[in-house]
Amino acid sequence: MKTTLNVFLFLWLTSISFAQSKIDKTLKKLNEASVDYIHADSLKNASNAVLLDARERSEYEVSHLKNAIWVGYDTFELDSIVQKIKNKNSEIVVYCSIGVRSEDIGEKLQQAGYTKVKNLYGGIFEWKNRGNPVFDSSGNETEQVHAFNKQWGKLLKNGQKVYGP
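Residues numbered from 1 in each chain as written. Predicted model: local features only at pLDDT ≥ 70, side-chain atom pairs only at ≥ 80, totals over all residues. Heavy atoms only, no water.

Draft legend 1. Expanded view of the overall build of the chain. Of the regular secondary structure elements, the chain holds seven helices and nine strands. The buried share among the 165 residues of the chain stands at 43%. Intrachain contacts of the chain at a sequence separation of at least 6 include 66% that bridge at least 24 residues. Of the roughly 9,100 Å² that the chain leaves accessible, carbon and sulfur atoms contribute 51%. (Helix = DSSP H or I, 4+ residues; strand = E, 2+ residues; numbered from the N terminus. Buried < 20%, exposed > 50% of the residue type's maximum accessible area, 1.4 Å probe, protein only. Contact = heavy atoms within 4.5 Å. Areas by Shrake-Rupley, 256 points an atom, 1.4 Å probe, with all protein chains shown as cover.)

Take a look at the structure:
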């Protein structure tokens, strides 16, 4: 029994490490690191942060971080954020699937004068890979995570992958 548990633990940690290294490589390739990163473990302790979800509405409805505000990516409107977050010194954490789209939105927020913008490193995938909860459109905890597409879905190692609208 103990051996089986150790093997399972080893395989689980290996799969998370593999996903992490793939996320690392992908972010280094696609991002400029123009928005400072915050890691999942640090975000759990950032109780005052305003969470902004930069994925498409269908992704957000499958699951999102608790109390996150959907802002979208293709439909992002800076004016709506300025209306909702008047204090430009508010702690803001933007996330998407792994952190690529959220960097773009974070840059727009910085250009608008927001001073404490962070990008969730590895996005909702890394958040869920680390065993953290996500919530559906009714506010219930769920195991489902929109995996965007089959290619990106390979980076999600924990939870139930959902594709399509």
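Draft legend 2. Examining helix H5 (residues 101–111) more closely. Taken together, the buried positions of H5 are occupied by Arg101, Ser102, Glu103, Ile105, Gly106 and Leu109. Looking one or two places after H5, you find glycine 113, whose phi comes out positive at around 105 degrees.

Draft legend 3. Inspection of the confidence of the model for the chain at higher detail. The pLDDT averaged across the chain works out to 89; a share of 88% of its residues lies at or above 70. Throughout residues 2–18 the model reports pLDDT below 50, and contacts reaching past four residues in sequence, or to other chains, amount to four contacts. (pLDDT = per-residue confidence, 0-100.)

Draft legend 4. Highlighting the environment of lysine 118. The residue lysine 118 is located in strand E5 (residues 116–120) in this model. Judged by relative accessible area, lysine 118 falls into the partly exposed class, the value being 31%. Placed 26 residues apart in sequence, lysine 118 and isoleucine 92 show a C-alpha to C-alpha distance of 6.2 Å. Non-local contacts of lysine 118, meaning those with residues more than four positions away in its chain, are made with Val35, Asp36, Tyr37, Ile38, Ile92, Val93 and Val94.

Draft legend 5. Geometry of the pairing of strand E4 (residues 91–95). Among the five residues in E4, four count as buried, and that is most of the element. Pairing between strand E2 (residues 50–53) and E4: four bridges, direction parallel. Within the sheet, the bridge partner assigned to leucine 52 lies in E4 and is valine 94. Two elements, E4 and E5, share four bridges in a ladder whose sense is parallel. Note that in E5 the partner of glutamate 91 across the bridge is lysine 116. Handedness of the β-α-β unit built from E4, H5 and E5 comes out right-handed. (Pairing = 2+ DSSP bridges. Right-handed = clockwise from strand over helix to strand, strands pointing away.)

Draft legend 6. Up close: the nonpolar core. One finds Leu43, Leu65, Val93, Leu120, Ile124, Phe125 and Trp127 to be the most contacted residues of the largest nonpolar core, which totals 25 residues. Sorting the residues of this core by element identifies helix H1 (2–30), helix H2 (40–43), E4 and helix H6 (123–129) as the ones contributing at least two each. Top element by residues in this core is H6. It accounts for three residues. Residue contacts for isoleucine 124: discarding those within four places in its chain leaves Arg55, Ser63, His64, Leu65, Tyr95, Cys96, Ser97, Val134 and Val145. Ala54, Phe76, Ile105 and Val117 belong to the second-largest nonpolar core, a separate cluster that totals 13 residues. (Core = buried A, V, L, I, M, F, W, Y, C linked by side-chain atoms within 4.5 Å.)

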